Amino acid sequence: MSHTVLVCDDAIFMRTMISDILTQAGYEVVGEAESGTQAVEKYAQLKPDLVTMDIVMPDMGGIDAVREIVKADPSARILMCSAMGQQALVVEAIQAGAKDFVVKPFQPSRVLEAVQRVLG
Amino acid sequence: MDLSQYAELFLAESREHLSTINRLLLEWERDPQASEPVAGIFRAMHTIKGMAATMGYAKVADLAHRTENLLDLLRRGERTASDEVLELLFKSADSLDQAIEASVAGRESQVDVGAVLQAVDDAASSVEKLVGRGKRARPSAPAVAAPAGAGRVVQVTLVPESPLKGARALIILQQMETLGRVHAVEPTPAAMEAEEFDGRFAFRLETEAADEAVAQAIRGGGDVERVEVASTDAVEPAVEAVGRQARHIRVDLRRLDALMNLIGELLTTRAALADISVRRADPELEEVSAKFSQLAGDLQSEIIQARMTPVWQVFDRFPRLVRDLSRKLGKQVAFRVQGKDIELDRAILDEIGDSLVHLLRNSVGHGIESPKERKAAGKPPEGVVELSAVRERAAVAIRVRDDGRGIDRAKILARAQQLGLVDADAESLSDEVLLRLLSQSGMSTAEEVSDVSGRGVGVDAVVHATRALGGGVEVHTAAGEGTTFTLRLPTTLAIVRALIARVGEERYALPITHVAETLDLGAAHVTRADERDAMTLREGVVPLVYLRRMLEIAGDAPPRSPVIVLQIGERRSGLVVDQLLGQQEIVVKAFTPPRGMLPIFSGATILGEGRPVLILDAGGFV
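Scoring rules and cut-offs
- Residues numbered from 1 in each chain as written.
- Chains lettered and ligands numbered in written order.
- Predicted model: local features only at pLDDT ≥ 70, side-chain atom pairs only at ≥ 80, totals over all residues.
- Helix = DSSP H or I, 4+ residues; strand = E, 2+ residues; numbered from the N terminus.
- Buried ≥ 20, exposed ≤ 12 C-beta atoms within 10 Å, placed from the backbone.
- Contact = placed C-beta atoms within 7 Å.
- Nonpolar A, V, L, I, M, F, W, Y, C, P; charged D, E, K, R; others polar.
- Expected span 1.5 Å × (residues − 1).
- pLDDT = per-residue confidence, 0-100.
- Pairing = 2+ DSSP bridges.
- Axes fitted to C-alpha atoms, helices over the stretch in contact; angles between N-to-C directions.
- Arc of directions from axis to C-beta.
- Parallel < 35°, antiparallel > 145°, perpendicular 65-115°, else oblique.
- Left-handed = near helix turned anticlockwise from the far one by under 90°.
- Core = buried A, V, L, I, M, F, W, Y, C linked by C-beta atoms within 7 Å.

Participant: Describe the overall build of chain A, listing the residues and the values that go with them.
Facilitator: Across its full length, chain A holds 5 helices and 5 strands. Helices (α) and strands (β) of chain A occur, in sequence order from the N terminus, as β-α-β-α-β-α-β-α-β-α. Within the span of chain A, comprising 120 residues, buried residues form 48% of the whole. Of all intrachain contacts in chain A linking residues separated by at least 6 positions in sequence, the fraction that spans at least 24 positions is 59%.

Have a look at this one:
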């Protein structure tokens, strides 16, 4: 059975792009969220094997969403999606329980490497 | 990819980095032997490159990348900066500036950086020939010292292209925590998060796991180029830590403006609440009202503080301006800046930038003489232009001083007499009158109009902009000794109580500072003398100004129009409007009126419902 993924990003373009990369590599994207709050809700509902999480999102940001998700499920596997120059935020996310990160602009190969590391 | 949300941030950060680059280039130009400037320029260029690549601004990224390449060669080659290279780097910074502005504005396709790119590449290859490729090789051994203590020493090098190396190192360290105890990490976490972290780090690991298992776990962390696990006890000096900077966040200035406007409304509401509580004589209500009043006041001062910005944010772009200008004009100018850390409200600071450009251009263009002329006058060939900020009680004085030839009073006087602005028999001009004359259009005595200091409208614009901010301008000038312009500015944006009046469809705000009283025109005794209406008010006669006529609004004023009596010193004037709508706290915003506009507005504000409103300047009527 393929691994299930929840894609969280406030930009439709980014969600589409990440979903495409993952689907083409054989992962099953079971849900998308466009805010931190939605990410937390959908995680509880879908219990995916992996979450890709944007850092900057409206209402609840990605880092707070990581905290909430990890609080509910300490084994959650979350991959942060960061822009250049957000190192401090990525560090904060990792300290909050995220497992790895990728930096925009995405190269599909690097996204998949990171996904494999997190699921490994 | 929707990157528009990052566009403004990108722009703001890029401008800061460009300002740093220009400042460091000037430093480097003054001391070509120094090695610090090139490292700083390199870092700023690198950051711009990374940001631009993320934004998809290919031309900016490309130019930054290739300039960075040149800088890298200069840095590694320990070459001193030649004039040509510096000139090229200045040019590259300018092109980068233009390319960034254009890209953010969606006009990247119109940017042409081809010529600069070529020049940068040519310079890079000629430097490379001199330096040789060998110098560029990356040192293969981890250069981080082995930390002291118990356990095995682990040294890790990340691949050079790994993004966010600090975060990557943290992931690896967290994985190590699952194997055993990690300590004595070098460099410190703060240094790892810094831009300069090159991906080499070391730590002590106390674990049962075999070397090979440790190495494998580290490689599993991603982007690892090299791992060494050894039980050496050799102690070497620790890597110098990079201090963590104060925590700051970026806030869109419009957010702060919106907050200021809301505070204005809150203060108006506070006044209304206080009125009600006094009327009701309810002790409970009064207590809540007093508490509310205090909190609103605290909130106001907090927000005013949050808006304070050091003047260097504007001053930093001037050394470059003065340098370019003096080179172009063949003058020698030492430019000094003082009081860079003095703070002003961001909005005020933004408004004075253009004024300072005018004044500095005047100083370099008209004030400072040519080296030859200076020598002939017994002065050193190099002139001095000084820009300083000083705190003076609640105000800040910003001065532009030069030791040039001074303003030619006789010439100004003659011109003013010719234009009929001064009595024909006047023999001299005081500084005060001089400034008044200088700030009238058409008073330029510059022999030729140049693109350096414009058409003599500079001082006019400076005086107007400064007054609109609630400040004042002074000038001191002495023949042969130089000229000093002083701008005295309030440090914070003013929140003032204003009368809101309606004329036709528009509303206007009139700060109550100069409002003596209001009354009903119908009840007043109006007389007519010299084509002007006036009303008798108690012992005196007050001239009337019909705002409706002045603003050329069609139609008649309602019969029972209110009159606002303005008083400045001994002089009074009655302003006739259509209706009074009450008083309100408003946030005064500086405002440069379009040319040709009536000189009766001092600024603008936004009322509660988001309606922009012009602020009337009592001085324009009295």
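Next comes the rest of the account.
Participant: How would you explain the interface of chain A and chain B if you had to name every residue and give the values?
Facilitator: Listed as interface residues are 22 residues of chain A and, on the opposing side, 16 residues of chain B. At 5 residues, the largest contribution of residues to the side of chain A that touches chain B is made by helix H4 (residues 87-96) of chain A. Here the side of chain A that touches chain B is built from residues that sort into 14 nonpolar, 4 polar and 4 charged.

Participant: Mind laying out helix H2 (residues 36-55) of chain B, listing which residues take part and the relevant values?
Facilitator: Helix length check: H2(B) (20 residues) gives 29 Å between terminal C-alpha atoms against 28 Å at 1.5 Å per residue, within 8%. Two residues or fewer after H2(B) comes Gly56(B), characterised by a positive phi angle close to 80 degrees.

Participant: I'd like a description of the confidence of the model for chain A, backed by residues and values.
Facilitator: Per-residue confidence for chain A gives a mean pLDDT of 89, with 98% of residues at or over 70. Across chain A, element-level confidence peaks in strand E1 (residues 4-8) of chain A with a mean pLDDT of 95 and bottoms out in helix H1 (residues 12-24) of chain A with 85.

Participant: Would you mind going over the sheet that holds strand E17 (residues 540-546) of chain B in detail, with residue names and values included?
Facilitator: Residues and elements named next belong to chain B. With mixed pairing, 6 strands are arranged side by side in an open sheet as E14-E18-E19-E17-E16-E15. Because the sheet does not close on itself, it has two edges, and the strands there are strand E14 (515-520) and strand E15 (525-529). Here the strands of the sheet are splayed against their neighbours by 35 degrees on average, with no regard to which way each runs. When E17 meets strand E19 (residues 571-576), the two strands line up parallel, connected through 3 bridges. Across the sheet, residue Val545 finds its bridge partner in E19, namely Leu575.

Participant: Outline H1(A), supporting the account with residue identities and numerical values.
Facilitator: Residue and element names in this part refer to chain A. Taking 1.5 Å per residue, 13 residues should reach 18 Å; H1 reaches 18 Å between its end C-alpha atoms and fits that length. Taken together, the buried positions of H1 are occupied by Met14, Ile18, Ile21 and Leu22. In a view along the axis of H1, the buried residues occupy a sector of 95 degrees, so they form one face of it. Of the exposed residues in H1, the ones pointing more than 90 degrees away from its buried face are Ile12, Phe13, Asp20 and Gln24. Lining the buried residues of H1 we find E1, strand E2 (28-33), strand E3 (50-54) and helix H5 (108-119). Two residues or fewer past H1, Gly26 is found with a positive phi of approximately 95 degrees.

Participant: Tell me what's going on with unusual backbone geometry, and back it up with residues and numbers.
Facilitator: Residue Pro187(B) is bonded to the preceding Glu186(B) through a cis peptide linkage, with omega at -10 degrees. Looking at the element boundaries, Pro187(B) is found in the loop between strand E2 (180-186) and helix H7 (189-193). In this structure, Lys47(A) takes a positive phi of about 45 degrees despite not being glycine. Mapped onto the fold, Lys47(A) is located in the loop between helix H2 (36-46) and E3. Taking the C-beta count within 10 Å as the criterion, Lys47(A) has 12 such neighbours and is therefore assigned exposed.

Participant: Please provide a residue-by-residue account of the sheet that holds strand E1 (residues 152-158) of chain B, values included.
Facilitator: Residue and element names in this part refer to chain B. Overall, antiparallel pairing links the 4 strands, which are arranged E2-E3-E1-E4 in an open sheet. One side of each edge strand has no neighbouring strand; the edge strands of this open sheet are E2 and strand E4 (224-230). The sheet shows a mean angle of 25 degrees between the axes of neighbouring strands, taken without regard to direction. Note that E2 and strand E3 (residues 200-207) share 5 bridges and pair antiparallel. Paired with Arg181 across the two strands is Glu206, which belongs to E3. Where helix H6 (residues 165-177) meets the sheet, it contacts E1, E2 and E3, and its direction lies at approximately 150 degrees from that of E2. Sheet contacts for helix H8 (residues 211-219): E1, E3 and E4; angle to E4, the most-contacted strand, approximately 155 degrees.

Participant: Can you explain the environment of Ile100(B)? Please cite residues and give values.
Facilitator: Residue and element names in this part refer to chain B. Counting through the fold element by element, Ile100 comes out in helix H4 (residues 83-104). Once the C-alpha coordinates of Ile100 and Val60 are considered, the two residues, 40 residues apart in sequence, prove to be 6.3 Å apart. In contact with Ile100, other than residues within four places in its own chain, are Leu11, Ser14 and Val60.

Participant: Now, about the packing of H2(A) against helix H3 (residues 62-72) of chain A: what can you tell me, with residues and values included?
Facilitator: Residue and element names in this part refer to chain A. Where H2 meets H3, the closest approach of the two axes is 8 Å, and the angle between their N-to-C directions is 20 degrees. Judged on the interaxial angle alone, H3 and H2 are roughly parallel. Crossing of H2 against H3: the hand is right-handed. From H2, Gly36, Ala39, Val40, Tyr43 and Ala44 reach across to H3, where they touch Gly62, Asp64, Ala65, Glu68, Ile69 and Ala72.

Participant: Can you break down the environment of Ser103(B) residue by residue, with the values?
Facilitator: Residue and element names in this part refer to chain B. Tracing the chain through its elements places Ser103 in helix H4. Given 25 C-beta atoms within a 10 Å radius, Ser103 is considered buried. Between the C-alpha atoms of Ser103 and Ala52, which are 51 residues apart in sequence, the distance is 9.4 Å. Apart from residues lying up to four places away in sequence, Ser103 is in contact with Tyr57, Lys59, Val60, Glu108 and Val111.

Participant: Which residues make up the nonpolar core, and what values go with them?
Facilitator: The biggest cluster of nonpolar side chains holds 72 residues, and the ones touching the most others in it are Ile348(B), Leu360(B), Leu489(B), Leu510(B), Ile564(B), Leu575(B) and Val576(B). Among the elements that make up this core, the one with the highest residue count is helix H13 (residues 346-367) of chain B (8 residues). Ignoring any residue separated from it by four or fewer positions in sequence, one finds Leu575(B) in contact with Val545(B), Leu547(B), Val563(B), Ile564(B), Leu566(B) and Phe621(B). Residues Leu22(A), Ala65(A), Ile172(B) and Leu173(B) belong to the second largest nonpolar core, which totals 61 residues.

Participant: An account of the pairing of strand E5 (residues 100-103) of chain A is needed here, citing residue identities and associated values.
Facilitator: All names here are of chain A. What you see with E5 is no split at all: Asp100 and Val102 on one side and Phe101 and Val103 on the other are buried throughout. Bridging between strand E4 (residues 78-82) and E5 involves 4 bridges; their strand directions are parallel. Within E5, the position partnered with Met80 by the bridge is Phe101.

Participant: Break down the environment of Arg219(B) for me, citing the residues and quoting the values.
Facilitator: All names here are of chain B. Relative to the assigned elements, Arg219 resides in helix H8. Using a count of 15 C-beta atoms within 10 Å as the deciding quantity, one classes Arg219 as partly exposed. Through-space distance from the C-alpha of Arg219 to that of Ile172 is 8.3 Å; in sequence the pair is 47 residues apart. The residues touching Arg219, leaving out its near neighbours within four places in the chain, are Val224 and Val227.

Participant: A description of the packing of helix H9 (residues 253-280) of chain B against helix H10 (residues 283-306) of chain B should follow, citing residues and the corresponding values.
Facilitator: Residues and elements named next belong to chain B. Remark: H9 packs on H10, axes separated minimally by 9 Å, with the N-to-C direction vectors making an angle of 160 degrees. With respect to each other, H9 and H10 are oriented roughly antiparallel. For the element pair H9 and H10, the recorded crossing hand is left-handed. Facing H9, whose interface residues are Leu256, Leu259, Met260, Ile263, Leu266, Leu267, Arg270, Leu273, Ala274, Ser277 and Arg280, H10 presents Leu285, Glu286, Ser289, Phe292, Ser293, Ala296, Leu299, Gln300, Ile303 and Ala306.

Participant: Give a description of the confidence of the model for chain B that names residues and reports values.
Facilitator: Residues and elements named next belong to chain B. In the predicted model, chain B carries a mean pLDDT of 80, and 87% of its residues have values of at least 70. Considering only residues more than four positions removed or in separate chains, one finds that residues 133-143, a stretch of pLDDT under 50, has 12 contacts. For residues 445-457, every residue scores under 50 in pLDDT, and the model assigns this stretch 22 contacts once sequence neighbours within four places are set aside. As a predicted assembly, this complex carries a pTM of 0.50 together with an ipTM value of 0.85.

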